[in-house]
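Analysis of the macromolecular model
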Amino acid sequence: MDQKANPETVQFKYTFAFENGDVKVFEITLNAATLELVQEKDIPKPDWTKLSFYPCEHCPLGPHSEYCPVAVNLSQIVTEFKDSVSHERTRVTVETPERTYMKETTLQKGLSSIIGIYMVTSNCPVMDKLRPMVRFHLPFATPTETLFRTVSTYLTGQFLLMRDGKKPDWDLDKLVELYKTVSAVNKGMSRRISNASIKDANVNAVIILHSFGDAVPYFIENGLDEIKHFFDIYTKDIH
Amino acid sequence: MKDKILVVDDEDSLRMTLKLRLQAADFDVQVAQDGEEALEVLKKGSIDLVLLDINMPKMDGIETLGNVARDYPWTEIIMLTGFADFSTAIECLKKGAKDYLVKPIEMTELITRVRATLRAKTSERAFKELQQRYMSTFFHDLLGPLTTVDSTVEHLIEGKSGMVSKEQALLLRYAGELTDKMIQRVKEMIDLSQFEAGLVVIERKPLDIPIFAEMMCARYEILAKAKDIQLVKKIDKDLPAVNFDFDKIAQVFNNIFDNAIKYSLRGGIISITVSKKLEEELGQKKESIVFSIKDNGIGIRPDELPLVFNKYKEQLTSKPADLKTTVLGLAISRHIVEAHGGKIWVDSEVGKGSTFNFSLPVKS
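Residues numbered from 1 in each chain as written. Chains lettered and ligands numbered in written order. Predicted model: local features only at pLDDT ≥ 70, side-chain atom pairs only at ≥ 80, totals over all residues. Heavy atoms only, no water.

**With respect to the packing of aromatic side chains**
Using the following cut-off: The rule is short: rings of Phe, Tyr and Trp, with Trp giving its six-membered ring, pair when the centres are within 6.5 Å, and they are stacked under 30 degrees, edge-to-face over 60, tilted in between. Each helix is a run of DSSP H or I of at least 4 residues and each strand a run of E of at least 2, with the numbering of both proceeding from the N terminus. Remark: exposure states derive from per-residue accessible area (1.4 Å probe, protein chains only) relative to the maximum for the residue type, with buried under 20%, exposed over 50%, and partly exposed in between. Should the NZ of a Lys or the CZ of an Arg lie within 6 Å of a ring centre and within 35 degrees of the ring normal, that charge is described as sitting over the ring.
By the definition in use, this model includes 23 aromatic pairs over all chains. On the basis of an interplanar angle of 5° and a centroid distance of 4.3 Å, the ring pair of B:Y220 and B:F257 is categorised as stacked. Placement of B:Y220 in helix α7 (residues 209-226) and of B:F257 in helix α8 (residues 246-263) is noted, with a sequence separation of 37 residues between them. Its relative accessible area of 0% is what places B:F257 among the buried residues. Connected via pairs of aromatic rings, a cluster forms that spans B:F212, B:Y220, B:F244, B:F246, B:F253, B:F257, B:F291 and B:F358. The ring centre of A:F81 lies 4.9 Å from the NZ or CZ of A:K24, which sits over that ring. Taking the ring centre of A:Y67 as reference, the NZ or CZ of A:K45 above it sits at 5.3 Å.

Next up, the structure:
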């Protein structure tokens, strides 16, 4: 499908085609300036999206917030797949104005890719910190690719901080701290979604995101061993 | 030596992150993407603990758990699931899992649970090994006196200590037959305990398969004739030589053939097929020699098929009472075939008969 680029938005169109002929389509539009999800007003908010329903540990939102913003963003897709099995095979096509991606995969893998977008574009104070990554969203990314995107996005942010005369975090210490809180949100969200689903596709999609988030501090503390060798050309020159 | 852990999950990114984190915690880690692949990995070497996802394609976690608990009693299992369900947790623990954890789980907690399970396993294993050594000695001690009783009875029947009446000879023969059965059973117990304690040495030599198969069949031709059973042989002639332990594989052949004769009705047919086949293992094809012994006896009920090679099972209910004597022989056969890197299995239909098959890899 041809999507016309609109400079005011960032668009993704996810199409899940199943072996039984079922097709489910999700069109995501983000505000290009803020990278927030552009939602229709008055979207239905099921009970499980209330902040009090299995809240995340150390949730920074106060009692004035009735709904969890991440859960509200996820409500449509979670409802759509609440009785789906994680390992069901599907062909996922992701269309953007620039290019199209396609993968024959499991539903949990396809869902984890789209859920990642919804989670960081919701105005959750924790997940917001990952929002710049969504502009460079890579569907079906491997842990290694996500690690590279995570670190490079963060370091770009630190460079911009430095240019503004502020103190950058080149050691990635704050990124480690950030991912510890992201893990808490992923964990809380998996409990919430598990209680809103009949089968395991939705929850396993969040678990995939959690497994990566939980490993980020480890990757960093181990000197990014998994991707270090790709940068030999730089490190060898220096030494 | 590092503890060996097998991570079984259908999601590659979960397998990868779990592998990396467990390796960092000083474990030797292997991975499998479903139950079938997990069983192939287990067959190739000892695994101390399996981290087993529940919801997977092909063979799911619950079925895999049953197979691992039955075939690898020294391997501990921790179930991992994204979808907590109390009844599934109970089912897993009943089937032999040591723990049931709900994902997402923090690595520090997972590693703590893994270490605790392995510590408990080490103590339990030491106790069981002691128990097995004791049992092995006990059965050896039993075998000596039983053999003496058997030879004494033989001595008396032959009249070497004076004439015996016809009635006395009949009673002595009955006593001799019972003693022979006890000796056979005690020898099986010794074999089984030695396999379980890892004390059996397989002495492989390159042997000619067609000659071996003909020799085995010749032993049973007379027995079959006595029961008016027709023996049909189909032994391929151009089979490659295979390295195997003659006595041990002969034991497997005898165990299966004894059953076939025992369960075949008078006038029945037993077919023996020996051929070369390509078997698929972990996506790779390998050549094997497959022995199939088919009878048209009473057959085995479908729910009892998975239990046939299990020493702990109840006696099979589909067998007549006087035929319930071969359980250990098949359990030992499984140990022998697997020690050669092969497989043993049975296909059966009640009322139509059973086909027992075992394979030996051409390159072992």
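**Side note on the nonpolar core**
Side chains of a nonpolar character, in soluble globular proteins, are inclined to be buried together. Residue and element names in this part refer to chain A. Worth spelling out the cut-off: For this analysis, a nonpolar core means a set of buried residues of the types Ala, Val, Leu, Ile, Met, Phe, Trp, Tyr and Cys, connected via side-chain atoms within 4.5 Å. Contacts are assigned to residue pairs with any non-hydrogen atoms lying within 4.5 Å of each other.
Counting residues in hydrophobic clusters, the biggest one holds 67 residues, and the most contacted among them are F16, L74, I77, L111 and M127. Residue contributions to this core peak at 12 residues, all from helix α6 (residues 201-221). Apart from residues lying up to four places away in sequence, L74 is in contact with W48, I115, Y118, M119, M189 and I193.

**So, unusual backbone geometry**
The omega torsion across B:K103 and B:P104 is 0°, close enough to zero to call that bond cis. Mapped onto the elements of the fold, B:P104 is located in the loop between β5 (99-102) and α5 (107-157). The backbone of A:F140 sits at a positive phi, close to 60°, despite the residue not being glycine. By the secondary structure assignment, A:F140 is in the loop between α3 (132-135) and α4 (143-163). A positive phi angle, close to 60°, is found at B:D228, a residue other than glycine. Tracing the sequence through the fold places B:D228 in the loop between α7 and β7 (230-235).

**Some details on the interface of chain B and chain A**
The criterion, for reference: Computed with a 1.4 Å rolling probe, the buried area is the accessible surface lost when two parts are put together, summed over both parts. Salt bridge, as applied in this entry: a Lys or Arg side-chain nitrogen positioned within 4 Å of an Asp or Glu carboxyl oxygen. Any N or O atom pair separated by 3.5 Å or less is treated as a polar contact, with the protein-specific requirement of one donor-capable and one acceptor-capable atom, and with residues adjacent in sequence counted only for side-chain atom pairs. For this classification, Asp, Glu, Lys and Arg are treated as charged, while Ala, Val, Leu, Ile, Met, Phe, Trp, Tyr, Cys and Pro are nonpolar and the rest, including Gly, are polar.
At the interface, 20 residues of chain B touch 26 residues of chain A. Approximately 2000 Å² of surface area, both sides summed, lies buried where chain B meets chain A, with 60% of it carried by carbon and sulfur atoms. Among the residues of chain B in contact with chain A, B:R21, B:F83 and B:P104 are the three that bury the most area, contributing 30% of the side total. Between B:E11 and A:K109 there is a salt bridge, with the nearest N and O atoms lying 3.0 Å from each other. Taken together, the links from chain B to chain A amount to 8 residue pairs in polar contact (both at pLDDT 80 or more). Here the element with the most residues in the side of chain B that touches chain A is helix α1 (residues 12-24) of chain B; it accounts for 8 residues. Taken together, the residues that form the side of chain B that touches chain A break down as 10 nonpolar, 4 polar and 6 charged.

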